[in-house]
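What follows is the residue order along each chain.
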Amino acid sequence: MTPKTFRIKSFGCQMNVYDGERMAELLGQQGMTAAAGGDDADLVVLNTCHIREKAAEKAYSDIGRLKREDGSKPLIALAGCVAQAEGAEAKRRSQMIDIVVGPQAYHRLPEMVREASRGARPVDTDMPAISKFDAFPARRRANPSSFLTVQEGCDKFCTYCVVPYTRGAEISRPWHDIVAEAHALVDAGAREIVLLGQNVNAWEHEGRGLADLIRALAKIDGLERVRYTTSHPADMTDALITAHGEIEKLMPYLHLPVQSGSNRILRAMNRSHTAETYLAILEKMRAARPDIALSGDFIVGFPGETEEDFEDTLNIVDEVRYASAYSFKYSARPGTPAATMEDQIPREIMDERLHRLQERIDAHQLAFNRSKVGANTQILIERKGKHEGQMVGRSPWLQSVHAETGAQPGDIIDVTLVAAGPNSMTGAVRAKAAA
Ligand code: SAM
Ligand code: SF4
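Calculation notes
- Residues numbered from 1 in each chain as written.
- Chains lettered and ligands numbered in written order.
- Predicted model: local features only at pLDDT ≥ 70, side-chain atom pairs only at ≥ 80, totals over all residues.
- Heavy atoms only, no water.
- Helix = DSSP H or I, 4+ residues; strand = E, 2+ residues; numbered from the N terminus.
- Expected span 1.5 Å × (residues − 1).
- Buried < 20%, exposed > 50% of the residue type's maximum accessible area, 1.4 Å probe, protein only.
- Arc of directions from axis to C-beta.
- Contact = heavy atoms within 4.5 Å.
- Pairing = 2+ DSSP bridges.
- Axes fitted to C-alpha atoms, helices over the stretch in contact; angles between N-to-C directions.
- Core = buried A, V, L, I, M, F, W, Y, C linked by side-chain atoms within 4.5 Å.
- Phe/Tyr/Trp six-rings, centres within 6.5 Å; stacked < 30°, edge-to-face > 60°.
- Lys NZ or Arg CZ within 6 Å of the ring centre and 35° of its normal.
- Near = heavy atom within 4 Å.
- Nonpolar A, V, L, I, M, F, W, Y, C, P; charged D, E, K, R; others polar.
- Polar contact = N/O pair within 3.5 Å; in protein donor to acceptor, adjacent residues only side chain to side chain.
- Areas by Shrake-Rupley, 256 points an atom, 1.4 Å probe, with all protein chains shown as cover.

Peer 1: Explanation requested: helix α12 (residues 307-320) in the structure shown.
Peer 2: Along an α-helix, residues three or four positions apart point the same way, because every turn accommodates 3.6 residues. Relative to the 20 Å expected for 14 residues at 1.5 Å per residue, α12 spans 20 Å between its end C-alpha atoms, a close match to the ideal helical length. Those residues of α12 that fall on the buried side of the exposure criterion are D309, F310, T313, L314, I316, V317 and V320. On an axial view of α12, the arc spanned by its buried residues comes to 160°, and they lie on one face. For α12, the exposed residues lying more than 90 degrees away from the buried face are E308 and E319. Summarising the contacts, the buried residues of α12 are in contact with α10 (263-268), α11 (275-288), β15 (293-300) and α13 (347-371). One or two steps after α12, the chain reaches R321, where phi turns positive at roughly 55°.

In structure tokens form, the structure reads like this:
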């Protein structure tokens, strides 16, 4: 029987969130509806992430839990990077899986659902030349802050990372498709667009780069804010840095992962930058946009990392004074060069280093938040807060800001930031900004 309702559970990065939204639109176009919260669904899509340990195991145990009390089960599609990595093996590991669909094959999902409804168990992990984006319907729904994937895949082959294997080679979506999608999102209510890519700043089309694209998008009436993530230091062009000083709608926030502060480890990771070249980029960025909030990613416990290497990482955190940052324990990914390197670091050492790193990052985050107390700024309201009359929005520096206001999601309001916590700010409303 063809399913009437569906649920999509997305794990991992923002690109998976975007893919989840697009799959929902595609299934909606086939006449299916999203199951209401708490309701059983006829079709469940698990949109998985493979970046760190036990991703596959977690996916299989999530699948096991989908069995209903009466012994029946929904139609189950394994999607995302675990699906790509496991392929047909997934069907052997779990009899409950009906569909295996990799991230570059989502345009085939409706057809695969029909096949599965007739009892087949289709697998598609191809990376076809025809883009899945061409098959997605035009966008009709948008969040106040909406994601728009412009670039996928990666050719950088950092020695710890599965992305080049699960998402394939670097591709950039064409300029006109992106501009059309941005217009559709704004017409559907988006006030902010976050351009996404595994290496978003590597985006290029017919000689134009990300800075040109942002300049064009900033001209769209009704679009008030543009962000982009995640960037690679090797693709941080002067044009993009300059854009931060010139384009008012481009928010003062940059997520630029360094991974380690030790040049020895950076080399072993096959990162193309050193601590010094990375810092030089940030210096230029701060010259172009002095109030920029900086963010990054770190891996602790990469094979061979000594206490001294780790201290270099702590030092770079102090030097940059990040407004926020993500840190992860190194996770050996099957098939990557680092997985078979000598001198894998014991778990207890990784735990201890991660704890010290996170304490250091948290201290800088709090200091950054405190430095903004007293600032008159604007927030884009995204959702209701926990308390009656409270709403939550984002500052230009991507801080979560709580404010008592009658404003609604999508409104941009003037606030003074009056208090800072480790993870959020409190805002006091001034007058409403002109729409
Ligand atoms: N392309 C981006 C870059 O190179 O900066 C990052 C994309 S990756 C999906 C997100 C983050 O996951 C990385 O920046 C890295 O810190 C982390 N990551 C990737 N592979 C990892 C691994 N094997 N173990 C732990 N963390 C990992
Ligand atoms: Fe992975 Fe980013 Fe390195 Fe590409 S550049 S291999 S996505 S960490």
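From this point on, the discussion continues.
Peer 1: Please explain the sheet that holds strand β13 (residues 225-229) as it appears in this structure.
Peer 2: Pairing between the strands of a sheet comes from backbone hydrogen bonds, and it takes one of two forms, parallel or antiparallel. One open sheet holds the 3 strands; their spatial order is β7-β10-β13, and the pairing between them is parallel. On the outer flanks of this sheet lie β7 (145-149) and β13, each paired with one strand and no other. When the angles between neighbouring strand axes are averaged without regard to direction, this sheet yields 25°. Two strands pair when backbone bridges link them, and strand β10 (residues 192-196) and β13 are joined in this way by 5 bridges, in the parallel orientation. Counted as the bridge partner of L196 is T229 from β13. Where helix α1 (residues 14-29) meets the sheet, its contacts fall on β7, β10 and β13, and the angle it forms with β7 comes to roughly 95°.

Peer 1: Just checking my understanding: could you explain the nonpolar core for this structure?
Peer 2: Side chains that are nonpolar tend, in soluble globular proteins, to be buried together. Core analysis: the largest hydrophobic core is formed by 51 residues, its most contacted members being L195, L213 and Y228. At 6 residues, helix α7 (residues 175-187) tops the list of elements feeding residues into this core. Listed in part, the 25 residues of the second largest apolar core include F6, M15, V45 and A79.

Peer 1: What exactly am I supposed to notice about the packing of aromatic side chains here?
Peer 2: To describe a pair of aromatic rings, you give the distance between the ring centres and the angle between the ring planes. Inspection of the entire model under this criterion finds 7 aromatic pairs. A ring pair is formed by F298 and Y322, whose centres lie 5.5 Å apart and whose planes are at 90°; its orientation type is edge-to-face. With a gap of 24 residues between them, F298 in strand β15 and Y322 in the loop between α12 and β16 (324-329) connect regions that are remote in the sequence. Judged by its relative accessible area of 0%, F298 is buried. Lying across the ring of F328, R52 places its NZ or CZ 3.7 Å from the centre.

Peer 1: How should I be thinking about the site of ligand 2 in this particular structure?
Peer 2: Near ligand 2 you find C154, K156, F157, C158, Y160, C161, V163, P164, N199, H232 and R271, and these make up its full shell. Of the residues belonging to the shell around ligand 2, the class tally is 7 nonpolar, 2 polar and 2 charged.

Peer 1: What should I look at first to understand the sheet that holds strand β4 (residues 75-79) in this one?
Peer 2: Strands sit in the order β2-β1-β3-β4-β5-β6 across an open sheet of 6 strands; the sheet is parallel. Each edge of the open sheet carries a strand with a single partner, namely β2 (33-34) and β6 (123-124). Bridge count between strand β1 (residues 5-10) and β2: 2 bridges; the pairing is parallel. Paired with T5 across the strands is T33, a residue of β2. With respect to the sheet, α1 is in contact with β1, β3 (43-48) and β4, its orientation differing from that of β1 by roughly 170°. Here helix α2 (residues 55-64) sits on the sheet in contact with β3 and β4, set at roughly 165° to β3.

Peer 1: Any chance you could explain the site of ligand 1 here in plain terms?
Peer 2: Lining the immediate surroundings of ligand 1 are 19 residues, of which Q198, Q259, R271, D297 and S331 lie closest. The contact in question runs from an oxygen atom of ligand 1 to an N or O atom on the side chain of Q259, over 2.7 Å. Between ligand 1 and D297, the relevant distance is 2.6 Å, taken from an oxygen atom to a side-chain nitrogen or oxygen of the residue. Compared with its free state, where it exposes 570 Å², ligand 1 has 90% of that area covered by protein. Of all the elements in the fold, those that place two or more residues in the shell around ligand 1 are β15 and β16.

Peer 1: What exactly am I supposed to notice about the pairing of β13 here?
Peer 2: One face of the sheet, then the other: side chains in a regular strand alternate in exactly this way. Taking burial as the measure, the 5 residues of β13 include 5 buried ones, the bulk of the element. Alternating residues of β13 divide into R225, R227 and T229 and V226 and Y228, and every residue in both groups is buried.

Peer 1: Sorry, what's going on with α7 here?
Peer 2: For α7, spanning 13 residues, the distance from its first C-alpha to its last is 19 Å, which sits close to the expected 18 Å at 1.5 Å a residue. Those residues of α7 that fall on the buried side of the exposure criterion are W175, I178, V179, E181, A182, A184, L185 and V186. Packing partners of the buried residues in α7 comprise α1, β7, β10, β11 (204-205), β12 (208-209) and α8 (210-217). Following α7 by one or two positions, G189 adopts a phi angle in the positive range, close to 115°.

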